[in-house]
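Coordinates in review
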Amino acid sequence: MVPQKQKRSTLINELVEYFLVEGFDIIAAKDVIGYHKPVPVVNDGYGDQKDKVPDILAYDQIKKCFIVGIVRVDENEFDSEESLTEYNVFLDQKDKVTGEPHRLFIMIPSAGVNTMTSLITHYIHREYWHRVMIVTSKLSTD
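I will try to describe carefully the structure that is included in this document. The structure displayed is predicted, hence computed values, not measured ones.

1. Let's talk about the nonpolar core
What tends to happen in soluble globular proteins is that the nonpolar side chains get buried as a cluster. Formed by 18 residues in total, the largest nonpolar core has its most connected members in Leu15, Phe19, Ile56 and Ile67. By residue number, the principal contributor to this core is helix α1 (residues 4-22), which donates five residues. Not counting residues within four places of it along the chain, the set of residues in contact with Ile67 comprises Phe19, Phe24, Ile56, Leu57, Ala58, Asp60, Arg103 and Phe105. With 17 residues, the next largest nonpolar core counts Val89, Met116, Leu119 and Val132 among its residues.

Next comes the structure, spelled out in structure tokens:
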């Protein structure tokens, strides 16, 4: 059985590769060689009230917006209190110059697509749905 920390690292690296293929400029990536660690994002009053650190921060030059990338190692993390707070904090962010809202990309094991889709449609307000992208791992199925 692969340890959680190793699974997380694998998924973060896979999401970095996905972002690069999509043409996003990687600004920071947690524990990925060659990148700085992302800075905490201010929590304006959600959940535990603590600032949250994304796994990846990138910029989409075509859509002119920031991209927040996070990974979920297994379905237990999908709706944890920490995760729900992160979704709110990251979807609350806007570019300080243009006012353009950030987009949220969530990489998950491929077996969790239905569960994550259900969570998003039931927990996240519909006005944010178009800014959430589920990315399924090609390396992790469980």
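2. So, the sheet that holds strand β4 (residues 103-108)
Paired through backbone hydrogen bonds, the strands of a sheet run either parallel or antiparallel to each other. Strand order in the open sheet formed by five strands is β1-β2-β3-β4-β5, and the pairing between neighbours is mixed. Each edge of the sheet is formed by a strand with only one pairing partner; in this case those strands are β1 (25-29) and β5 (132-136). Neighbour to neighbour, the strand axes of the sheet diverge by 25 degrees on average, direction disregarded. Taken together, the five bridges between β4 and β5 define a ladder with parallel strand orientation. Opposite Met107, over in β5, you have Val135 as the bridge partner.

3. Structural notes on the pattern of salt bridges
Evaluation of the coordinates by the stated rule reveals six salt bridges. A salt bridge links Lys52 to Asp48; its shortest N-O distance comes to 2.7 Å. Arg72 is paired through a salt bridge with Glu86; the nearest N and O atoms lie 2.4 Å apart. Taken as a pair, Arg72 in the loop between β3 (65-71) and α2 (75-78) and Glu86 in helix α3 (residues 81-91) lie far apart in primary sequence, 14 residues in all. By relative accessible area, which is 4% here, Arg72 ends up buried. A residue is classified by how much of its surface remains accessible, and Glu86, at 9% relative accessible area, is buried.

4. Some thoughts on unusual backbone geometry
In this structure, Asp31 takes a positive phi of about 60 degrees despite not being glycine. Here Asp31 shows up in the loop between β1 and β2 (56-60). Despite not being glycine, Gln49 has its phi angle at roughly 70 degrees, a positive value. Within the fold, Gln49 resides in the loop between β1 and β2. Residue classification places Gln49 among the partly exposed positions, given a relative accessible area of 49%.

Parameters and conventions
- Residues numbered from 1 in each chain as written.
- Predicted model: local features only at pLDDT ≥ 70, side-chain atom pairs only at ≥ 80, totals over all residues.
- Heavy atoms only, no water.
- Core = buried A, V, L, I, M, F, W, Y, C linked by side-chain atoms within 4.5 Å.
- Buried < 20%, exposed > 50% of the residue type's maximum accessible area, 1.4 Å probe, protein only.
- Helix = DSSP H or I, 4+ residues; strand = E, 2+ residues; numbered from the N terminus.
- Contact = heavy atoms within 4.5 Å.
- Pairing = 2+ DSSP bridges.
- Axes fitted to C-alpha atoms, helices over the stretch in contact; angles between N-to-C directions.
- Salt bridge = Lys/Arg side-chain N within 4 Å of Asp/Glu carboxyl O.

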